[in-house]
Amino acid sequence: MRFVWPWDEARVVDDDELERLYSYPADPRWLAVNYVSSADGAVEVGGRAARLSNAPDRKVLQLGSDLADVLLVGAATAMIEDFEGVHPSEETLRRRRRHGLADIPPTAVVTTGRTLPADAPVITKADVPTIVITCESASAEKREAWADAGAEVLVVGTDTVDVAAAVQALVDRGLGRIDCEGGPHLFGSLIEAGVVDELRLTVSPLLVSGPAGRIATGVPIDPVDLDLVSVLAEGGVMLLRYRVRP
């Protein structure tokens, strides 16, 4: 792996350097969004993002999770991608302990209640209780079922989830390093709420075409300015990091 920007021919991007680049700042809250897309902007192939991924993408995605206090994901994405929570390897445990983090970060799933059954793997197969973030429109029966399955249920918002309040609730629990892994509707809501700090985007060297969507969808907003922080390349794969300009 090598730097494309900022250019420094003598700077080797080894595992230690990569970990430094993808670490979270010492802010009370830092929300980083991880995404992979094709060169023509597709976010899935055959309904899943996994076919767009590659070894460099998996490495930085792993770092995003390994160095976070909590993973944040939309319910539809959790179901489609078969999320089962974090099950750390020995390498992950060593890394997290070196950074003073809990051995296993919880997963926080955002849902209005329609797409997250109580027996979802992200709840039932997680090693630590999953945080289900929902709103008042989710039925009491549904909330009770999630809790009975082992989840911690957090209600923020009336008809839809108030994502700004959800993020603040995670911070209040000491979960300020937030790794968001999709989906597009959640990312769009986070942008609209003004709580995204960083975008970590892998551009996969593929052309997909078809009906695939964008990495963020939602209501129209004024464009958000980004500052390019770094660009890495390996085997045609581009790894970009942007920070949201205050």
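Residue numbers run consecutively from 1 along every chain, following the written order of its sequence. Selection of residues for local features in this predicted model requires a pLDDT of at least 70, selection of side-chain atom pairs for listing and counting requires 80 or more, and totals for whole chains, interfaces and linings are taken over all residues. Values reported for side chains reflect all heavy atoms of the structure, with hydrogen atoms and water molecules removed beforehand.

The protein carries the name 5-amino-6-(5-phosphoribosylamino)uracil reductase in an unreviewed UniProt entry, which gives Gandjariella thermophila as its organism. UniProt positions are given in the numbering used here, feature names are shortened, and annotations may be inferred rather than shown by experiment. One UniProt comment on the protein, placed under Pathway (unreviewed entry), says "Cofactor biosynthesis; riboflavin biosynthesis."

Participant: Which residues make up a nonpolar patch on the surface, and what values do they have?
Facilitator: Only residues whose relative accessible area exceeds 30% and that take part in no salt bridge are eligible for patches, with like-charged residues grouped when within 9 Å of each other and nonpolar side chains (Val, Leu, Ile, Met, Phe, Trp, Tyr) grouped when within 5 Å. To measure how exposed things are, a 1.4 Å probe is used in the Shrake-Rupley method; for residues, cover is taken only from the protein chains shown. Criterion for a salt bridge: a side-chain nitrogen of Lys or Arg within 4 Å of a carboxyl oxygen of Asp or Glu. A cluster of nonpolar side chains, contributed by Val219, Ile221, Val224 and Leu226, occupies part of the molecular surface with about 300 Å² of accessible area. Here a helix means four or more residues in a row that DSSP labels H or I, a strand means two or more in a row labelled E, and each is numbered from the N terminus. Looking at the secondary structure, you find Ile221 in the loop between strand E8 (198-204) and strand E9 (226-234). Working definition: with a 1.4 Å probe on protein chains only, accessible area under 20% of the residue-type maximum means buried, over 50% means exposed, and in between means partly exposed. The exposure class of Ile221 is partly exposed, given its relative accessible area of 39%.

Participant: Could you give me a rundown of the UniProt feature "domain: Bacterial bifunctional deaminase-reductase C-terminal" (unreviewed entry) in the protein, with the residues and numbers involved?
Facilitator: UniProt's feature table lists "domain: Bacterial bifunctional deaminase-reductase C-terminal" (unreviewed entry) at residues 29-235, given in the numbering used throughout. With 29% helix and 22% strand, residues 29-235 has end C-alpha atoms that lie 34 Å from one another.

Participant: Describe the packing of helix H7 (residues 163-172) against helix H8 (residues 184-193), and please don't skip the residues or the numbers.
Facilitator: Fitted lines through C-alpha atoms serve as axes, helices being fitted only where they are in contact, and the angles separating the N-to-C directions of these axes extend from 0 to 180 degrees. The geometry of H7 relative to H8 is characterised by a closest axis approach of 9 Å and an angle of 90 degrees between their N-to-C directions. Between H7 and H8, the interaxial angle falls into the category roughly perpendicular. Of the residues in H8, those in contact with Val163, Ala164 and Val167 of H7 are Leu186, Ser189, Leu190 and Ala193. Split into classes, the residues belonging to the contact of H7 with H8 amount to six nonpolar, one polar and no charged. Should an angle lie under 35 degrees it is considered roughly parallel, over 145 roughly antiparallel, and from 65 to 115 roughly perpendicular; all remaining angles are considered oblique. Note on contacts: a residue pair qualifies if any of its non-hydrogen atoms lie within 4.5 Å across the two residues. The nonpolar class holds Ala, Val, Leu, Ile, Met, Phe, Trp, Tyr, Cys and Pro. Asp, Glu, Lys and Arg form the charged class, and all remaining residues, Gly among them, are polar.

Participant: Break down the pattern of salt bridges for me, citing the residues and quoting the values.
Facilitator: What the rule picks out here adds up to 17 salt bridges. Measuring nitrogen to oxygen at the nearest pair gives 3.1 Å for the salt bridge that ties Asp197 to Arg29. Taken as a pair, Asp197 in the loop between H8 and E8 and Arg29 in the loop between helix H1 (15-21) and strand E2 (30-38) lie far apart in primary sequence, 168 residues in all. What makes Arg29 partly exposed here is its relative accessible area of 26%. As a salt-bridge pair, Arg95 and Glu91 come within 3.3 Å of each other at their nearest N and O atoms. Of this pair, Arg95 and Glu91 are both found in helix H4 (residues 90-98), four residues apart, which corresponds to roughly one turn of the helix. The exposure class of Arg95 is buried, given its relative accessible area of 11%. In the salt-bridge network here, residues are joined through shared partners; they are Glu19, Asp66, Glu91, Arg95 and Arg98.

Participant: Pulling in residues and values, what's your account of the packing of helix H2 (residues 55-66) against H4?
Facilitator: Closest axis-to-axis distance for the H2/H4 pair is 10 Å, and the angle between their directions is 50 degrees. Taken together, H2 and H4 sit at an angle that is classed as oblique. The interaxial crossing formed by H2 with H4 has right-handed handedness. Contacts between H2 and H4 involve Gln62, Leu63, Ser65 and Asp66 on the former and, on the latter, Thr92, Arg95 and Arg96. Left-handed describes a crossing whose near helix is turned anticlockwise from the far helix through less than a right angle; right-handed describes the clockwise counterpart.

Participant: Requested: an account of the pairing of strand E6 (residues 152-155), with residues and values cited.
Facilitator: Strand pairing follows a simple DSSP-based rule, namely that at least 2 bridges must link the two strands. Pairing of strand E5 (residues 131-134) with E6 involves four bridges; the strand directions are parallel. Looking across to E6, one finds that Thr134 is bridged to Val155. Think of it like this: strands point away, you trace from the first strand over the helix to the second, and a clockwise trace means the crossover is right-handed. Each parallel crossover has a hand, and the one from E5 via helix H6 (residues 140-148) to E6 is right-handed.

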